[in-house]
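Remarks on the overall topology
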Amino acid sequence: MSVEEVLLELKRRVQSKLPPNINVTGIEFEGPELVIYTDDPRRLADDGEIIRSLAKDLRKRVVVRPDLKVLADPEGAVKKIQQVVPSEAGLTDYYFDGETGEVVIEAEKPGLVIGRHGATLREITKLIGWTPKVVRTPPVRSSTIANTKEYLRSVQSERKEILKTIGRRIHRDVASKDQWVRITTLGGCREVGRSCMLLSTPESKIIVDCGVNVGSDDSATPYLYVPEAYPLNQIDAVVLTHAHLDHAGLVPMLYKYGYEGPIYCTQPTRDLFVLLQLDYIDVAAREGKRIPYESAMIREALKHTITLNYGDVTDIAPDTKLTMHNAGHILGSAICHFHVGDGLYNVAFTGDFKFEKTRLFDPAVHSFPRLETLVMEATYGGSGSTQPSRKEAENRLLKVVRDTIKRGGKVIIPAFAVGRSQEVMIALEEAIRKKNLAEISVYLDGMIYEATAIHTTYPEYLNNELRDLIFHKGINPFLSDCFVQVESASQRTSIMEGDPCVVLATSGMLNGGPIMEYLKGLGPDEKNTLVIVGYQAEGTLGRRIQKGWNEVPLSSGGRTQTVKINLDVVTVDGFSGHSDRNQLMDYVRRVYPKPSRVITNHGDESNCLDLASSIYKKHRIPTMAPMNLETVRLI
Ligand SMILES: [Zn+2]
Ligand SMILES: [Zn+2]
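So, a few notes on the structure that sits alongside this text. (Residues numbered from 1 in each chain as written. Chains lettered and ligands numbered in written order. Predicted model: local features only at pLDDT ≥ 70, side-chain atom pairs only at ≥ 80, totals over all residues. Heavy atoms only, no water.)

Thoughts on the coordination of the zinc ion (ligand 1)
Distances from the zinc ion (ligand 1) to its protein donors, namely His242 (NE2), His244 (ND1), His329 (NE2) and Asp352 (OD), fall within the range 2.2 to 2.3 Å. Viewed at the metal, the four donor atoms of the zinc ion (ligand 1) are separated by angles of 92 to 165°, and the geometry they form is irregular. Spacing between the donor residues of the zinc ion (ligand 1) along the chain follows H-x1-H-x84-H-x22-D. Residue His329 is classed as buried on the basis of its relative accessible area of 3%. (Donors = N, O, S within 2.8 Å, 3.2 Å for Na, K, Ca; no water. Tetrahedral: all angles 85-135°; square planar, octahedral: opposite > 155°, others 65-115°. Buried < 20%, exposed > 50% of the residue type's maximum accessible area, 1.4 Å probe, protein only.)

Shown next as structure tokens:
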């Protein structure tokens, strides 16, 4: 049956299930969803049961949207919303999403927009046709999110066409009678960086992550040119575990070389992705490095991005369903679970994950409906790679800061903009608030502030304690006065000449970014301390300094100068967003159901091999630590 015929048939079935007074004006596959258009969406929306039974019956994700005809024009709609909502609600913004017929209303007091038992919301729908959704005004406004929304609004109609094309492709007929599932390793095996896997079946090809190895010039990109993956227009979907560059850094490049399909990720991943990509090409340009794609390709990627919530089961190919689960690593990070065929096979890719509660996140999800193969990271997979507890790590950090301050020095901490920075920020803020640390300034340089703003926009992705602190106790640690955003080179100079303080700056492995300026300025003075809190990949300057190099070449403006590293270099382990050896082993012990195969990746060679062999010895689960360019048949 052609997709047109399928849609006609679906429309007939939908109409027959609905009460006769509800009129279906259109039906369409848009991305993974089946969208039912009606001129009276409220009647359908009021009766949640109809939609649930439709979805169950049709085995599709069903959403109901108002026919565009019944929607008021946004300008008039805003006026009407303002008339109905009491002014104390503090309305701050409106986002009309023509794709969904939803208007997202931002207010300081969302409760007043909702009204008693939702009365105000219903009133709004009646007046304007759009479906209102209320969110709390984020305490720190992220310009990345604002720009992303603005951009998506500007390409709404084009995006609708893209979603339709994707939708039709997902719901095409299954042609093959063969049944097999394979994984081809395109990058990130026995190494950290350029993570990229291809999951293939007779029907579909899905790329999981497409990262860049920022520490390497000659092996920076995954093997995308192999016949399994190339030409790229045969790929059905790209799925992102999280926004870090070693997992998502080359996604825009795919569009340059012929990929036209969707990217699936969580909403925070989408926003962090934009932030990190823009910074990546910006830094590369400033340092005169080769840039694999232009910013137009980032917009192209954004146009093709479909966001999913944790737990949404989503058709992404005719024979494959994807579900994302919290990975506890960074904001929006996901363990991606694929269900292939009708009960044929289940495989989960952990991406980077943390199996311990942190200041920001709950531990990674370890329970799945079914699981045969687990592909897991092995960053700290070696038997010696245990890490101190979070508490010990925090105490150690505070001691280093106190000691440095006492001798009149400054502490510089290279950090990924996303992840470690926020963990360290919260630890320092609490110490200052509880008077365990003097009232010093903590400077945030290079995107950290913006990344933090994105965190405050998605409190539902943070753990309970932090949400509770923010919403119920009224303490938002991210907004503390101790944090100062650095905005100019002259401010940097005065910080380096000023009082003892802490500076958190990117990049996390000292391969570019404003941290280099601090290293140049503060490196020669032994009163200062460089605190390393994150993983330093082989080949990065961070790793070299960690190994004890006391002179490093730093380039600026095309000239290279040698900088003496006299400052104290202290590695404080335990802040990592990765599971340490114990947590990795513990995860395999607790993951449910027990998988019949474990594949390790994302770790140095010895770590991948050691973890794989330890898992086999301890749990008798067949394991492997493939090299890049291997293909493994799963079934
Ligand atoms: Zn990561
Ligand atoms: Zn990673």
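What about empty space enclosed by the protein?
Under the defined criterion, the tally for this structure stands at three cavities of 30 Å³ or more. Taken as a whole, the largest cavity spans an internal volume of roughly 100 Å³. Ser195, Asp209, Phe349, Gly351 and Asn601 are the residues nearest the centre of the largest cavity, which is lined by 14 residues in total. Mapped onto the lining of the largest cavity, the elements with two or more residues apiece are strand E8 (196–200) and strand E17 (373–377). Per-class residue counts for the lining of the largest cavity are five nonpolar, seven polar and two charged. Residue lining of the second largest cavity: His244, His329, Ile330, Phe416, Val418, Arg420, Gly534, Tyr535, Ser576, Gly577 and His578, and that is the complete set. (1 Å grid on protein atoms, 1.4 Å probe; cavity = no way out; pocket = protein on both sides within 12 Å on 5 of 7 lines; lining within 4 Å. Points joined across faces, edges and corners; volume = space filled by probe spheres on them. Helix = DSSP H or I, 4+ residues; strand = E, 2+ residues; numbered from the N terminus. Nonpolar A, V, L, I, M, F, W, Y, C, P; charged D, E, K, R; others polar.)

Regarding the pattern of salt bridges
Applying the stated criterion across every chain yields a total of 42 salt bridges. A salt bridge links Glu356 to Lys354; the nearest nitrogen and oxygen atoms lie 3.4 Å apart. The salt bridge partner of Glu465 is Lys357, with a shortest N-O separation of 2.8 Å. Taken together, the residues span a long stretch of sequence, with Glu465 in helix H16 (residues 464–471) and Lys357 in the loop between strand E16 (345–349) and E17 at a distance of 108 residues. Residues joined by salt bridges that share partners form a network here, namely Glu30, Glu33, Arg61 and Arg65. (Salt bridge = Lys/Arg side-chain N within 4 Å of Asp/Glu carboxyl O.)

With respect to the pairing of strand E18 (residues 411–414)
Burial of E18 is two-sided: the residues Val411 and Ile413 facing one way and the residues Ile412 and Pro414 facing the other way are all buried. Pairing geometry for E18 and strand E22 (residues 529–532), over two bridges, is parallel. Across the sheet, Val411 pairs through a bridge with Thr529, a residue of E22. (Pairing = 2+ DSSP bridges.)

Brief notes about the side chain of Thr358
Position of Thr358 relative to the elements: it lies in the loop between E16 and E17. Under the relative-accessibility criterion, Thr358 is labelled buried at 7%. Setting aside its immediate chain neighbours within four residues, Thr358 contacts Arg390, Glu423 and Asn463. (Contact = heavy atoms within 4.5 Å.)

Observations regarding unusual backbone geometry
With an omega dihedral of 5°, the bond running from Thr506 to Ser507 counts as a cis peptide bond. Secondary-structure assignment places Ser507 in the loop between strand E21 (502–505) and helix H18 (515–522). The omega angle of the peptide bond from Tyr592 to Pro593 is -5°, so this bond is cis rather than trans. Phi at Arg190 takes a positive value of approximately 50°, unusual for a residue other than glycine. On the secondary structure map, Arg190 appears in the loop between strand E7 (182–187) and E8. Look at Arg190 and you get partly exposed, because its relative accessible area is 23%.

Points about the packing of helix H11 (residues 267–286) against helix H15 (residues 448–457)
Two packed helices can be described by the angle between their axes and the distance between those axes. Where H11 contacts H15, the two axes come as close as 10 Å, and the packing angle between them is 170°. By the criterion of interaxial angle, the relationship of H11 to H15 is roughly antiparallel. Where H11 approaches H15, its residues Asp271, Leu272 and Leu275 are matched on the opposing element by Glu450, Ala451 and Ile454. Class assignment for the residues of the contact of H11 with H15 results in four nonpolar, no polar and two charged. (Axes fitted to C-alpha atoms, helices over the stretch in contact; angles between N-to-C directions. Parallel < 35°, antiparallel > 145°, perpendicular 65-115°, else oblique.)

Points about the sheet that holds E16
Read from one edge to the other, the open sheet built from seven strands follows the order E13-E14-E15-E16-E17-E26-E27, with strand pairing classed as mixed. Since the sheet does not close on itself, it has two edges, and those belong to strand E13 (314–317) and strand E27 (623–624), each with one partner. Across two bridges, strand E26 (residues 597–601) lies against E27 in parallel orientation. Across the sheet, Ile599 pairs through a bridge with Met624, a residue of E27.

Notes on the sheet that holds strand E5 (residues 102–107)
With respect to topology, three strands assemble into an open sheet ordered E4-E5-E6, the strand pairing being mixed. Since the sheet does not close on itself, it has two edges, and those belong to strand E4 (91–97) and strand E6 (131–136), each with one partner. Pairs of neighbouring strands in the sheet enclose a mean axial angle of 20°, with direction left out of account. Bridge count for E5 against E6 is six bridges, and the pairing is parallel. The residue of E6 that forms the bridge with Glu106 is Val135.

Looking at the coordination of the zinc ion (ligand 2)
For the zinc ion (ligand 2), the full set of protein donor atoms is Asp246 (OD), His247 (NE2), Asp352 (OD) and His602 (NE2), at a range of 2.1 Å. Seen from the zinc ion (ligand 2), its four donor atoms lie at angles of 90 to 158°, and the figure they make is irregular. Here the donor residues of the zinc ion (ligand 2) are spaced in sequence according to D-H-x104-D-x249-H.

Focus: the packing of aromatic side chains
Enumeration over the complete set of coordinates arrives at ten aromatic pairs. Each ring, one from Tyr310 and one from Tyr461, has its centre 5.1 Å from the other, and the planes form 65°; the classification is edge-to-face. With Tyr310 in the loop between strand E12 (305–307) and E13 and Tyr461 in the loop between H15 and H16, this pair connects stretches of sequence that are 151 residues apart. With relative accessibility at 10%, the residue Tyr461 sits in the buried group. Here the aromatic residues Tyr310, Tyr458 and Tyr461 are joined through ring pairs into a cluster of three or more. (Phe/Tyr/Trp six-rings, centres within 6.5 Å; stacked < 30°, edge-to-face > 60°.)

Focus: the environment of Asp342
Mapped onto the elements, Asp342 comes out in the loop between strand E15 (334–340) and E16. A relative accessible area of 69% means that Asp342 is categorised as exposed. Residues Asp342 and Arg52, 290 residues apart in the sequence, show an inter-C-alpha distance of 21 Å.

Side note on the nonpolar core
Counting residues in each nonpolar core, the largest one holds 87 residues, and the members touching the most others are Val251, Leu397, Val401, Ile413, Leu428 and Leu504. The element contributing the most residues to this core is H11, with seven residues. In this structure, Ile183, Leu308, Tyr345 and Phe349 belong to the second largest nonpolar core, which totals 31 residues. (Core = buried A, V, L, I, M, F, W, Y, C linked by side-chain atoms within 4.5 Å.)

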